[in-house]
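Chains, contacts and geometry: an overview
The lines below spell out each chain.
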Amino acid sequence: MDALIQNLGIGFAVALTPWNLVFALIGCLLGTLIGVLPGIGPLATIAMLLPFTFKLDPTGALIMLAGIYYGAQYGGSTTAILVNLPGEAASVVTTLDGYQMARQGKAGTALTVAAIGSFFAGCVGTVAIALLAPPLVAFAQLFGPAEYFSLMVLGLTAAVVLAHGSLVKAVAMVVLGLLLGLIGTDVNNGVQRFTFGIHELSDGLGFVPIAMGLFGVAEIVMNLARRTDTSDKETAPVGSLFPSREDWKTAWGAILRGTGFGGVLGVLPGGGAVLASFASYTLEKKIAKDPSRFGKGAIEGVAGPEAANNAGAQTSFIPMLSLGIPSNAVMALMIGAMTIHGIQPGPQVMGERAEVFWGMIASMWIGNLMLVIVNLPLVGVWVKLLQMPYRLLFPIILVFCCIGTYSVNNSAVEVVLMAGFGVFGVVLLRLGFEPAPLLLGYVLGPLMEENLRRAMLIGRGDPTVFVTRPLSATLLFLAAALFVALALPALRKKREEVFVE
Amino acid sequence: MIQTVRGRELAAGALILAMGAAFAWFSGGLGLGTATRMGSGYVPRLLGILLAGLGLIVIVRAWLMPATPLEKTNPPWIPLLWIAGSIVGFAALVERIGLFLSVVLVVAVCRAGAPERRWIEILILAAALSGFCALLFIKGLGLTMPLWPGER
């Protein structure tokens, strides 16, 4: 307990410096600003805003990125409630009852409950990270290359679980990502792999062009093809921001339960936040006295999933910070950002860069607080933004993507790469592939190869090394069990139902 | 154009089969090594074969499917052309004509991908955005890129 307080003390000392507070605030505001735009999820938002952090020191940059992430999530909920357009899978659930509340003139109540539920979940999540990360880091010291490899297999398997559509195609995206991650110079012997003499590729395919191409550019094109102009969509009036006593009474329990769900499921690799918000909604509907209210503006249907979503978003930082393994595509982006700032994510970060590690954790809590006290009063501004026609919006987004990608290495080649990945992303979407697992594979590719090589070298070329070491065997067994369970027809059907909804 | 789910799946399978095969093929020249001492081509060859195998599975499954028609959606190719074109144009010209004009170029070209033609609106948007980007990125964030033609 003393160690916890001391560590959080270090963190708050870092996070509460005026500049870092400013970065957190800017991050939250920018994140909300972009995240509130319909059709732009947290992933695209972070990819787009990444270049804004390049000039900062690593701590400030990560604090700002974390702020952007929360802001984007909050912005996504706002859009879900006000115009019935979810920016990402996790806020799909919020649209069910949130938009109905908005149509009844209770949008303000829904927004406040969502924000406060998220804040409460964020507080719990922050404490959970501070409590769980050190033991996990200690645990990670037991890991050899074989265990790391198996852990990554487990993580990628779980990522496949939550992808939409065909299982085989999701696995294919992961494998393609792994391959794309291997492009560039082989660190072991300097061999150029798949660079075809293009000098700019010798450092590997850039992370930013891939992320912006697949999630920014492709998204814009798909939106244009769909011709969904938000200006045609009716925006519900906000109404009073203050929930009634009655509303509080009903919402409170849902927030508590949602936080529990999210906190536990978020740690699991593969993006537990989505699962948590679905699970929370289902539970609230089950235990409600009158389940028929759900889908017609039940406040628990907003409070529970929103809390679950945010708690999950928070605890998904745990595997990333303590093991260096991303649990979802957003965390893969965070790892990419850390690498750009010269921090190799992994168990060593907590010891060697204590100020970065604890500062980021403390700033998560501050970011959550800012969302409540700064963003909520600004809701009128966000609504105005929502009404901006897409034909004005997308050129702005596109210009930011271009300048952002160019500024990473002052490289025009990377901008062309972004266009290329934009085209590739559209082709993938047209062919029914989901690109998120690709990004996860891309980040893990070099790590996985390195650990595979080391494990095989230690095991003298005997592949059984992965199953004779108990820890590694356990992890692989879990991955196999997960995969088999998914392939079973009964569960497959259930999974499809969840995504159809 | 692809009109059935089956056709789409066949194309999807063919795409990953081809990509897997390409990676596996080009891995050969990188030095495969042995399982104990893996060369640069070992893991890519393995993954390439795996990807090609997944492609085959998708193709075989598509083959067994009934030809249900695909839900009709607008083809994205024309917006894609304009958007990708505007980005490539930016990349090709930004170091020569500077940030201001290349932002104007991106706005003008990418708007061709949207149905509305409102020239005055596009002009105002381009000018305002260029000015804003110049202030934010060059004066504010200090990015090193030319603002006007011939500055480099």
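Scoring rules and cut-offs
- Residues numbered from 1 in each chain as written.
- Chains lettered and ligands numbered in written order.
- Predicted model: local features only at pLDDT ≥ 70, side-chain atom pairs only at ≥ 80, totals over all residues.
- Heavy atoms only, no water.
- Helix = DSSP H or I, 4+ residues; strand = E, 2+ residues; numbered from the N terminus.
- Rg over C-alpha atoms; globule rule 2.2 N^0.38 Å.
- Buried < 20%, exposed > 50% of the residue type's maximum accessible area, 1.4 Å probe, protein only.
- Contact = heavy atoms within 4.5 Å.
- Areas by Shrake-Rupley, 256 points an atom, 1.4 Å probe, with all protein chains shown as cover.
- Lys, Arg positive; Asp, Glu negative; His and termini not counted.
- Charge placed at Lys NZ, Arg CZ, Asp CG, Glu CD.
- Phe/Tyr/Trp six-rings, centres within 6.5 Å; stacked < 30°, edge-to-face > 60°.
- Salt bridge = Lys/Arg side-chain N within 4 Å of Asp/Glu carboxyl O.
- Buried area = accessible area lost by both parts, 1.4 Å probe.
- Polar contact = N/O pair within 3.5 Å; in protein donor to acceptor, adjacent residues only side chain to side chain.
- Nonpolar A, V, L, I, M, F, W, Y, C, P; charged D, E, K, R; others polar.

1. Focus on the overall build of chain A
- Looking only at helices and strands, chain A features 23 helices and 2 strands.
- The C-alpha radius of gyration computed for chain A amounts to 22 Å, which stays within 12% of the reference 23 Å derived for 501 residues, consistent with globular compactness.
- Projected onto the principal axes, the alpha-carbon positions of chain A cover approximately 65 × 55 × 50 Å.
- The buried share of chain A, taken over its 501 residues, is 64%.
- In chain A, the proportion of contacts linking residues at least 24 apart, taken out of those at least 6 apart, comes to 79%.
- Carbon together with sulfur atoms contributes 67% to the accessible area of chain A, which is approximately 17,800 Å² in total.
- The centroid of the 28 positive side-chain charges in chain A is displaced by 7 Å from the centroid of its 28 negative side-chain charges.

2. What to know about the overall build of chain B
- Tallying secondary structure elements over chain B gives 4 helices and 0 strands in all.
- Moving toward the C terminus, one meets the helices and strands of chain B in the order α-α-α-α.
- Expected size for 152 residues packed as a compact globule is a radius of gyration near 15 Å; at 24 Å, chain B overshoots this value by more than 25%.
- Principal axes of the C-alpha set define a box for chain B whose edges measure 55 × 50 × 20 Å.
- A sequence separation of at least 24 residues applies to 62% of the contacts in chain B between residues at least 6 apart.
- For chain B, the exposed area adds up to about 8,100 Å²; of that, 72% sits on carbon and sulfur atoms.
- Of the charged side chains in chain B, 12 are positive and 6 negative; the average position of the first set lies 10 Å away from that of the second.

3. A closer look at the packing of aromatic side chains
Residues and elements named next belong to chain A.
- Evaluation of the coordinates by the stated rule reveals 19 aromatic pairs over all chains.
- When the centroid spacing of 5.4 Å and the interplanar angle of 70 degrees are considered together, the rings of F139 and F143 count as edge-to-face.
- For F139, a relative accessible area of 36% puts it in the partly exposed group.
- F143 gets classed as buried once you look at its relative accessible area, which sits at 12%.

4. Notes on unusual backbone geometry
All names here are of chain A.
- Positive phi values are uncommon outside glycine, yet F196 reaches one of about 50 degrees.
- The topology assignment puts F196 in the loop between β2 (192–193) and α9 (207–226).
- By relative accessible area, F196 is classed as exposed at 57%.
- Positive phi, normally seen in glycine, also occurs at R460, with a value near 55 degrees.

5. A word on the side chain of S280 of chain A
- Structurally, S280 of chain A is set in helix α11 (residues 272–287).
- With residues near it in sequence (within four places) discarded, S280 of chain A still touches G258, F261, G304, P305 and A308 of chain A.

6. Some words on the pattern of salt bridges
Residue and element names in this part refer to chain A.
- Applying the stated criterion across every chain, the model contains 13 salt bridges over all chains.
- Of the charged contacts in the structure, one is a salt bridge between E450 and R454, with a shortest N-O distance of 3.5 Å. A residue pair is termed a helical-turn pair when its members lie 3 or 4 positions apart in one helix, as E450 and R454 do in helix α20 (residues 436–458) at 4 residues.

7. Structural notes on the interface of chain B and chain A
- Contact residues are listed per partner, giving 68 residues for chain B and 65 residues for chain A.
- Approximately 5,700 Å² of surface area, both sides summed, lies buried where chain B meets chain A, with 80% of it carried by carbon and sulfur atoms.
- Broken down residue by residue, the surface that chain B buries against chain A is led by F23, S40 and I87 of chain B, which jointly contribute 10%.
- Between the two partners, chain B and chain A, sit 2 salt bridges.
- For E121 of chain B, the salt bridge is made with R391 of chain A, and the minimal N-O distance between the two is 2.8 Å.
- The interface formed by chain B and chain A holds 11 residue pairs in polar contact (both at pLDDT 80 or more) in total.
- The set of elements that each furnish at least two residues to the side of chain B that touches chain A consists of α1 (5–27), α2 (42–63), α3 (77–110) and α4 (119–140) of chain B.
- Take the side of chain B that touches chain A: its biggest share by element is 17 residues, from α3 of chain B.
- In terms of residue class, the side of chain B that touches chain A is built from 47 nonpolar, 11 polar and 10 charged.

These figures come from the coordinates and say nothing about function on their own.
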